[in-house]
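Inside the fold
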Amino acid sequence: MHVQHLPLDGFKTSVGKQGCESRPVSSPKLVTPIQLFFTIFFFMVGLFGHVTSSYAQGPVTSCDGCNAKEVSISGARLIPPPTELNCTPGNPVSATLAVTVTANDNVKRYSIYLSATLKVGNTETVVDFCSPQSFSKSTEFYIPVTWTCGAEVEIGNVFLAWGVKKADNICAGGFTCNNIVKSKCAKSTQIISVAEPLVANFTSATACVGTTPSFSVTATATGGTKSPDGSYPSLVLDIAGTVFTATNFTGPFQAQTSIPLPPGSYPVSLTITDAAGVTDIETRTVVIGSCVEPLVADFTSSTFCIGTTQYLSLTATATGGTKTLAGAYPMGVLDAAGTTFTFTGFSGPLQATVAAPPGSYPVSFTVVDENGVTDVETKTVVVGTCPAPEPLVADFTSSTFCIGTTSYLSLTATTTGGTKTPADAYPTGILDAAGTTFTFTGYSGPLQATVATLPGTYPVSFTAVDANGITDVVTKTVVVGTCPTAGARVGVAENAARNKLTVSTYPNPHNGRVFLQINSPVDGIADIDWFTTSGSKVDALKVNVHKGVNEPVGYDVPGNNTQLIYRVNVGGSSTSGTIISGK
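To keep things clear, this report deals only with the structure shown in the data block.

Next up on the list: the state of the cysteines. Within this structure, the stated rule accounts for five disulfides. The disulfide partner of Cys-63 is Cys-177, and the S-S distance across this bridge is 1.9 Å. Its S-S torsion of approximately -90° makes the covalent link between Cys-63 and Cys-177 left-handed. One end of the pair, Cys-63, is in the loop between helix 1 (33–49) and strand 2 (71–79); the other, Cys-177, is in the loop between strand 7 (153–163) and strand 8 (185–188), with 114 residues separating them in the sequence. You can call Cys-63 buried: its relative accessible area is 6%.

This is the structure we're talking about:
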């Protein structure tokens, strides 16, 4: 609500944004009965005898040759004066433009046309008046004007035209400059200014200190009359009984209560006084709400298949509301496709998984906070049909190698197709290698096993079991050959023939780091595999080698292995040996 007060010092030619600037015609005076009569008379004539939009040529603001010597526009004023206008921003303002016309002879003139420009802010319009009224001496004519309060107003460019004979009717068919005898018109350059009204305004905001709101206000002012430095002399801001003041106020003024205010309704008023003594007051009731964010329950959903069974996976969350002292929500209830999961004292995301046949299901999550406030989120979730899995296939490859005169059988088993567990693994794999059984659980990649065996022919089988209990078995016959009787000696080349692959080791025994010196009969890549004495593979290396060149390869022995077996393979040739720890 705006309440505006004007200074009580009588009429001024310039009173802030409420005053005017004009050439004084006469001292301010009360409207006489005859002036009141003419005001009403000409308003009615203007209302019923002429509508501006009816002019074929539109309102006329001037004609050529308006240099009449016998008649002049000696002044213009507003009734009531600007200091007494009832101007509330956004509401219409009604006033009367009084134009004083001075004639220096007693010649009678017949019918008149009167117009003026009305500029409100950046928008300019023309108000006009046409009447068969006659005059022969100085008189005052009146034009009613209306605008919307809230911007600076200028009224000027007053123009008067008249006829010279009784038969003249310059208003007939709409006034144009052709309706008058040349030079039978007069103009005035006087400008009446009604400044933009003083408006006090403020915005408010609530911030939270914990669960207690803190209230702040930003005050502004527009219009009115500023001091030469562009400031308003006085600002008074009352926030729920706490008063803030400022002098020479120029920009936004911010204030915040020093004591946090509990939720409720509070009065706030802002008073601005401008340099002309005009005061505007803005008063409102501001409501401060609770600092607790609204309780919001939500969840996301996804589906996955185990075999041909579709599963619905849900992740539920809660935000806002009031938690317990432990930072938790007392209760959450997740209803997933008819299966209900109840959680108590939770703070993070909740997860639930349920098997669901294909179809559409209503899923809801209900959360209850410490104050008993409840929020429920319900969505429809669509569960599709799982595709049939590819057939489960078990397979393996085999190779043999020698360490000294001992033959070793190396196996690599793989599984494809079938149905994996939610962890993307196969539950069980069983590798039967020459009478030695290796059992693996929860595997996803290739399986490896090495076993020492005598030369001969052996049945080897690999059995894979998927998440649905489906089993696939592959069985192959593997031939293990006889190793040569010449073995490698520690610390020397294992084969001295120049067209053979040779490897020597040093230092051996070692103290944690050993070197293999590889001499290859061909250019290529040397594959170096490391095994424990029980046949378990612990490491693998690849290095480039060149024909006939001794290539040193360093190796840091892992862990506390006291003895390791190495196997080097280049281009189909292989050799092996043993290193021991000297620690």
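Moving on: the environment of Asn-169. Mapped onto the elements, Asn-169 comes out in the loop between strand 7 and strand 8. Residue Asn-169 is classed as partly exposed on the basis of its relative accessible area, which comes to 44%. As for Asn-169 and Gln-133, which are separated by 36 residues in sequence, their C-alpha atoms are 9.9 Å apart.

Reading across the sheet, the three strands line up as 24-25-28 and stay open at both edges, with antiparallel pairing between neighbours. Each edge of the sheet is formed by a strand with only one pairing partner; in this case those strands are strand 24 (393–403) and strand 28 (447–453). Across this sheet, the average inter-strand angle for adjacent strands is 20°, counted without regard to direction. In terms of strand pairing, strand 24 meets strand 25 (residues 406–416) through 11 bridges, oriented antiparallel. For Cys-402, the partnering residue across the bridge sits in strand 25 and is Ser-407.

As a further point, take the nonpolar core. Counting residues in each nonpolar core, the largest one holds 33 residues, and the members touching the most others are Leu-78, Leu-97, Leu-114, Trp-147, Ile-155, Leu-160 and Trp-162. Where this core is concerned, the elements lending two or more residues are strand 2, strand 3 (92–103), strand 4 (109–120), strand 5 (123–135), strand 6 (139–148), strand 7 and strand 9 (192–194). Here this core takes six residues from strand 3, the largest share from any one element. If near-sequence neighbours (up to four positions away) are discounted, Leu-114 is found in contact with Val-99, Val-127, Asp-128, Phe-129, Phe-141, Ile-143, Val-158, Phe-159 and Leu-160. Listed in part, the 25 residues of the second largest apolar core include Ala-200, Phe-202, Ile-239 and Ala-246.

The next subject is the pairing of strand 18 (residues 309–319). Here 11 bridges tie strand 17 (residues 296–306) to strand 18, and the two strands are oriented antiparallel to one another. The residue bridging Asp-298 from the neighbouring strand is Thr-317, located in strand 18. In this sheet, strand 21 (residues 350–355) lies alongside strand 18 in antiparallel orientation, the contact comprising six bridges. Residue Tyr-311 lies in a different strand from strand 21, and its bridge partner there is Ala-355.

About the thresholds
Residues numbered from 1 in each chain as written. Predicted model: local features only at pLDDT ≥ 70, side-chain atom pairs only at ≥ 80, totals over all residues. Heavy atoms only, no water. Disulfide = S-S within 2.5 Å. Helix = DSSP H or I, 4+ residues; strand = E, 2+ residues; numbered from the N terminus. Buried < 20%, exposed > 50% of the residue type's maximum accessible area, 1.4 Å probe, protein only. Pairing = 2+ DSSP bridges. Axes fitted to C-alpha atoms, helices over the stretch in contact; angles between N-to-C directions. Core = buried A, V, L, I, M, F, W, Y, C linked by side-chain atoms within 4.5 Å. Contact = heavy atoms within 4.5 Å.

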